[in-house]
Every structure is written in structure tokens, then in C-alpha cells.
Amino acid sequence: MDASAAAPNFSFFALFMQADWVVKGVMIGLILASLGSWAVILDKLFRFTNLNRAADRFEEQVSGGRSLEDVAGEAGANPPHALPRMLQAALKEWREAKTRAMTENQTAFLVARIDRILDTMIARETAKVEEGLGSLAIVATASPFIGLFGTVWGIMHAFQNIALSKNTSLAVVAPSIAEALFATAVGLIAAIPAYIAYNKFSTDAGKYAGRLEGFADDLSTAIQRRLTERA
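Residues numbered from 1 in each chain as written. Predicted model: local features only at pLDDT ≥ 70, side-chain atom pairs only at ≥ 80, totals over all residues. Heavy atoms only, no water.

- An unreviewed UniProt entry annotates the protein as Protein TolQ originating from Caulobacter segnis.
- In its Sequence similarities (unreviewed entry) section, the UniProt record describing the protein reads: "Belongs to the exbB/tolQ family." (UniProt positions renumbered as here; feature names shortened; annotations may be inferred.)

## Things to note about the packing of aromatic side chains
1) Next: Considering all chains together, one arrives at 3 aromatic pairs under this definition.
2) Next: Considering the side-chain rings of Phe-48 and Phe-201, the 5.9 Å spacing of their centres and the 10° angle between planes classify their relative orientation as stacked. Of this pair, Phe-48 sits in helix α3 (residues 21-62) while Phe-201 sits in helix α8 (residues 170-230), and the two are 153 residues apart along the sequence. Here Phe-48 and Phe-201 have matching classes, each one buried.
3) Next: Ring geometry for Phe-58 and Phe-215: centres 5.9 Å apart, planes at 65°, overall edge-to-face. Linking Phe-58 in helix α3 with Phe-215 in helix α8, this pair joins segments that are 157 residues apart in sequence.
4) Next: When its relative accessible area of 6% is taken as the criterion, Phe-58 is described as buried. (Phe/Tyr/Trp six-rings, centres within 6.5 Å; stacked < 30°, edge-to-face > 60°. Helix = DSSP H or I, 4+ residues; strand = E, 2+ residues; numbered from the N terminus. Buried < 20%, exposed > 50% of the residue type's maximum accessible area, 1.4 Å probe, protein only.)

This is the structure:
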């Protein structure tokens, strides 16, 4: 028989098909986890890109010298992005307050109420942009260990087959060991992108939350300035 024809097949598909059913289950689970994490990664890439572009445009409008009322009005009745909603909420409180005389304590209470409203909106928006990061963290941390379990199980199964066949030649041992180690490789393939993406998007979420907080501080300062001028 030709030596090349008898050589074991180490392609990914062949390693998967020749693996034990437990190892196959582990690899299928890891592949599904990897596909799920990539769905989250792509969603977050598009979402953060769109959020930051919309924030850039809105901040340009606010800093363009126009009145806040005009900018808030152009955003519509139910704007999809957080910054115009924050502006509209702050101006709503301001409009309700300017119709009546206010003491110093009432003014301070108004500012505190606006701050609480904006903080609540920031917390809600931050929670939205962080959706899915938990699944990335789970895939990043659990996949290597799940793959290692598949490898350990596969090696145990390989040793049992070697003992039954009573043949310890490398040609017999190598395919079984390769099938087992392939589970660890699949685990790392799933874990590494999820780990990198989790750290990146956690940083992006923190930056976006800081951007919202900075805008909220500017709004609070603007309202306080109006209240001082009114007094």
C-alpha cells in the first residue's frame, strides 16, 4: 500500500469526524459559543460607531452657538439617541421652573432634581450599551476550560483504545491525541476574540458613559447659569 494513502488525515473536518462523541459535543458547543460571541462583537462594532457619530453631530449642533431650545426642538419628539433626550429632559424641568418665583432652596432642589434625572438616563443608556458584554466574558473565561475538558476526555479515550489495540506506535497514537488537542484549540479560537472584544467594548462603554456624564455636567452648568441670570 502507498505510504501517502495510509497517512492519517489531520484536517479540521477529519479530526472532528474521528473524535469521540463527547469531544464532538464539546467542540459543537464551543463553535456555537464562538458564533454567538461574533454576533455580539459585530453588533457592538456597529452600535458604538453609530452612537459616537450621532453624539459628534449633536455636540457640534450644541456648540454651534444656537439656543438649546432650537437644538432640542430639531431633535424631534422622541429622539433615538441619549444626548438629545438628556437635553430635552433638562429643558423640560427648566421650563416648568421658570414660570414661577423660586427661592434659593427651591433653585438648589431644581438643580439636584435635574442631576438625578440625568444620572438615571445615563445609567439606563450605559446598561443598554453594556448588553451582551456578559456573554463575551463567559465565552472568554469558560471556553478554554471547556476545551481542556474535551482534550482530557479525548486523551483518556485514546489511551483506552491504545490499550485495547496493544499498539503504541506513533502512527496509531498521533491521530487520537490530535483529535483530543483539537478541542483545546477550538476553545482558544472561541475565547481569544471574545476576550479581546470584551476588553475593547468595556473600554468603549466606559468612554461613552463618560461622554454622557460630561454632557450632563455641561447641561447642569447651563441651567444653573440661567437660574442665576433669572435671579
